[in-house]
Every structure is written in C-alpha cells, then in structure tokens.
Amino acid sequence: MDVPVNGLSRNDVLRMVYPIYLVRSRCSVGYPDMHLAWFHFLLVSPATVIAHGFVSKVTTEAGVEFPGKIPGSEETSRSPVFQISTSSPVKDPNGGEIICGPSPVIAEDIITVTPGETLSIEWADGDGNPNKWPHNVGPILNYLAPCSSADCSDVLIPREANFFKISQQGRTEDQNDDPLTWEQAKLMEGLPALVTLPEFTPSGIFVLRHEIIGLFLGQHIAQSIGGAEFYPSCIKLNVTGVNPGTFSGGEVKFPGAYKPDEPGITVNAFDPNIEYVFPGGDLVQENNIVTSSTAAAVPIRTTLSNDERTGTIATFASTTPQKSAANKTNEVGYLILTCIFIAYSLVSHIL
C-alpha cells in the first residue's frame, strides 16, 4: 500500500529523489572534476537509494515458473531469460544494448509455449527483491524475433534479427483510474506484466523482447533527447503447434526501431492532453503471416540446440557499436545541461 509520509506518497518521494540519483550517475561517473561529492552523499544514504530492475520470473499458463538471474551475478542455474550485467537502464536507443539490455548472456533454457498462450512476467528491483519495480510512467512493449542461428545469438547482432511487435500498453484503459495512470504502474504495485502470444504465431524458436520504457523523469528531462530510459529483456521461447506459416512484413530492427527524438521517446508523459504515440512500428497482423514457401519469409529455427537439450551453459558477449567522437561530444554537452537543470530543480525544492 502507498502510505503517505508527511503528506508525500511513495510516488512523490520517487519523483523527488530520482534527480539526485540522476545527478550522481550522469555527472559523477567519468567526470570527477565536477566535484559532486555532496550529491553522492545524498545518494548513498539509505533513505534515498533507488534501484532499477530486471525480469525475475516468467510463469506459463500451466503455472510452470522460470526464474531470471540477478544482473551481474555468477548464478549457474539455467534460465530462459538473457542475463544482463546491470539493472541500470539503457540510455542510447542507437546502441547494441537496446536489443536485450546491458551485456546480455544467451539464455541456456527455453520455455515451450503455444500460440495464444499468456505469459506472466515479474520484475524485481536491482537488489533482486521480487515485485519491487520502482517506476510507474511509460509504455510496455513486446516483440517476437525468430531465431535463425542454433543458439539464437543472431538476435544480439545489431540490425540482424527481425522483430515483430505483438503487443503494447500505454496509459490504463480503466475509466476509474487517473488519466495519467500507466499500465506500468501495476508493476510498481507488485503485479506481473502479462504478454499474450498472437493466435497466429507460427511454430519455431523465438526470442521474446519484453521492454519497459521509463518516461518518469518529468516534463523537462523526459522531453529532452536522452531523457527516456529503456529496460529491454529477452526471453527464449519454443512455440509449438501446427501452423506452418511465418512472419512477413512490418518487422523492425534493433538498433534502428527507435529514434531519440520521436514522439514516443521525447514526450511529457505527465500531460493528460497528449495522445501517446507508441514507438517501434505497427503491431503485427494476421495477414502478415504467409506460408513457409514464400520467398520473402523470415527463416525460423524449429529445433532445439544441443545446449538446450543437454543443459550446457554457453555465454556470449553482446556487440555494442563504439560511439563516435561527435556522439561523445554531444553526450558530454547533454550531461552538463542535465546537471545544471537538476541542480536548479533541487535548489528550488530546498528553498
């Protein structure tokens, strides 16, 4: 329950404290000359620590649970969820980490599902506490990418795999909710995200790219390029059934599906009068399914790899394009402006 403290709700506290985290993460790391030690002191105090999160569990309709791994841990258990190195967000939609998160490791396990099945996906905070997702503003998007390699490593190659958007959730459709309430808020309340596979999903091996986009930084920062935060997570699926077709048309590539300045990325998510525009292309439709004999069809792997059969753990490093000198210069400029604005905001709150 969100119990007010001194007139402030949990969400109010999150909105007030997060800029302190942002200053430290954006301005202190790699820029020690800015002398922001006092911000660091505020950040590390127990009352102001804010973690991000990761997919901690996936549950099938039959109740079979598949746990995810804590980011950066040395867990040896098998999981169908690609392990990431940190629970921090991806900030650059043009980098390789936008595909499956920071330094993803290919999943060793796989979830067998059927078309039309609904998966329950739980998010934990950065410390691994279940059902403790800390944010509540921004969309939830889901994509399926057919694997063409034996281990699905092709999905991690920038602009290699074809991703088909199967669902998207923005602001809640519940008329009893505030018009500013997003479906993501249910995760903060401890509920799982629900992802239903289309009834026309063809059989084969896929990677489900389940993503939260954070637009909770407020009117000024979220409307600036670089203000959005991306939390993509990849899950390996084995879709069974008799459907011989495959996806065709409407696919997007990562990186490339999102533009840093498009309306669904740079937006004031707290404006109730704005009609939110989802990024990442259109939803896949049934008429985008063609028979496997069609020349333009995307190849889908239909057999399990040896690792998936035997349980051998294999790890692969993601490929992240290096930033150019111009991009680094722009990034530094943005960091400086962000720090100035946040410092001003903090002083305004104090006064």
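Residues numbered from 1 in each chain as written. Predicted model: local features only at pLDDT ≥ 70, side-chain atom pairs only at ≥ 80, totals over all residues. Heavy atoms only, no water.

Student: Now, about the overall build of the chain: what can you tell me, with residues and values included?
Tutor: When helices and strands are tallied, the chain shows six helices and 11 strands. Residue burial in the chain is summarised as follows: out of 351 residues, 50% are buried. Contacts in the chain between residues far apart in sequence, at least 24 positions, make up 76% of those at least 6 positions apart. Total accessible area computed for the chain in this model is approximately 16500 Å², and 55% of it derives from carbon and sulfur atoms. (Helix = DSSP H or I, 4+ residues; strand = E, 2+ residues; numbered from the N terminus. Buried < 20%, exposed > 50% of the residue type's maximum accessible area, 1.4 Å probe, protein only. Contact = heavy atoms within 4.5 Å. Areas by Shrake-Rupley, 256 points an atom, 1.4 Å probe, with all protein chains shown as cover.)

Student: Lay out the sheet that holds strand β8 (residues 204–214) in plain terms, naming residues and giving numbers.
Tutor: With mixed pairing, five strands are arranged side by side in an open sheet as β3-β9-β8-β5-β6. At either margin of the open sheet sits one strand with a lone partner, and together these are β3 (111–113) and β6 (164–169). With strand direction ignored, the average angle separating the axes of adjacent strands in the sheet is 30°. Pairing geometry for strand β5 (residues 140–146) and β6, over five bridges, is antiparallel. By the bridge assignment, L141 is partnered in β6 with Q168. (Pairing = 2+ DSSP bridges. Axes fitted to C-alpha atoms, helices over the stretch in contact; angles between N-to-C directions.)

Student: Run through empty space enclosed by the protein, naming residues and quoting values.
Tutor: Throughout the structure, instances matching the rule amount to three cavities of 30 Å³ or more. Around the largest cavity sit 20 residues that line it, and G53, F54, V55, I84 and P232 are the ones nearest its centre. Class assignment of the residues belonging to the lining of the largest cavity gives a composition of 12 nonpolar, seven polar and one charged. (1 Å grid on protein atoms, 1.4 Å probe; cavity = no way out; pocket = protein on both sides within 12 Å on 5 of 7 lines; lining within 4 Å. Points joined across faces, edges and corners; volume = space filled by probe spheres on them. Nonpolar A, V, L, I, M, F, W, Y, C, P; charged D, E, K, R; others polar.)

Student: Describe the state of the cysteines, with residues and values.
Tutor: With the rule as written, the count across this model stands at two disulfides. With a sulfur-sulfur separation of 1.9 Å, C100 is cross-linked through a disulfide to C234. With the S-S dihedral at roughly -80°, the linkage between C100 and C234 falls on the left-handed side. Here C100, found in the loop between β2 (65–67) and β3, pairs with C234, found in strand β9 (residues 229–239); they are 134 residues apart in sequence, far enough to count as distant. Across this residue pair, the class does not change: C100 and C234 are buried. Covalent S-S linkage joins C147 and C152, the inter-sulfur distance amounting to 2.1 Å. Its S-S torsion of about 105° marks the bond between C147 and C152 as right-handed, since a negative value means left-handed. Given the relative accessible area of 0%, C147 is considered buried. Relative accessible area serves as the criterion here: at 0%, C152 is assigned to the buried category. (Disulfide = S-S within 2.5 Å.)

Student: So what's going on with the sheet that holds β2? Residues and values would help.
Tutor: Taken together, the four strands give an open sheet; going across it, the order is β2-β1-β4-β7, and neighbouring strands pair in antiparallel fashion. In the strand order of this sheet, the two ends are held by β2 and β7 (193–196), each with one partner. Ignoring strand direction, the axes of neighbouring strands in this sheet form an average angle of 30°.

Student: Can you break down the pattern of salt bridges residue by residue, with the values?
Tutor: By the definition in use, this model includes five salt bridges. For the salt bridge of E65 with K57, the shortest nitrogen-to-oxygen distance reads 3.6 Å. (Salt bridge = Lys/Arg side-chain N within 4 Å of Asp/Glu carboxyl O.)

Student: Can you explain the environment of H135? Please cite residues and give values.
Tutor: Along the chain, the position of H135 falls in the loop between β4 (118–125) and β5. Take H135: its relative accessible area is 4%, and that puts it in the buried class. Separated by 77 residues in sequence, H135 and I212 place their C-alpha atoms 9.7 Å apart. Separated by 3.2 Å, the side chains of H135 and H52 make a polar contact. (Polar contact = N/O pair within 3.5 Å; in protein donor to acceptor, adjacent residues only side chain to side chain.)

Student: Outline unusual backbone geometry, supporting the account with residue identities and numerical values.
Tutor: Of note, the amide linkage connecting F254 to P255 takes the cis form, showing an omega dihedral of -5°. Inspection of the secondary structure assignment puts P255 in the loop between β10 (246–247) and β11 (289–290). You will see that S103, though not glycine, has its phi angle at about 45°, which is positive. Within the fold, S103 resides in the loop between β2 and β3. With a relative accessible area of 38%, S103 lands in the partly exposed category. Positive phi is not limited to glycine here, since C152 has a value of about 70°. Assignment of secondary structure puts C152 in the loop between β5 and β6.

Student: An account of the pairing of β9 is requested, with residue identities and associated values reported.
Tutor: Across the 11 residues that make up β9, a large majority, 11, are buried. Because side chains alternate across β9, one face comprises the buried residues E229, Y231, S233, I235, L237 and V239, and the other comprises F230, P232, C234, K236 and N238, equally buried.

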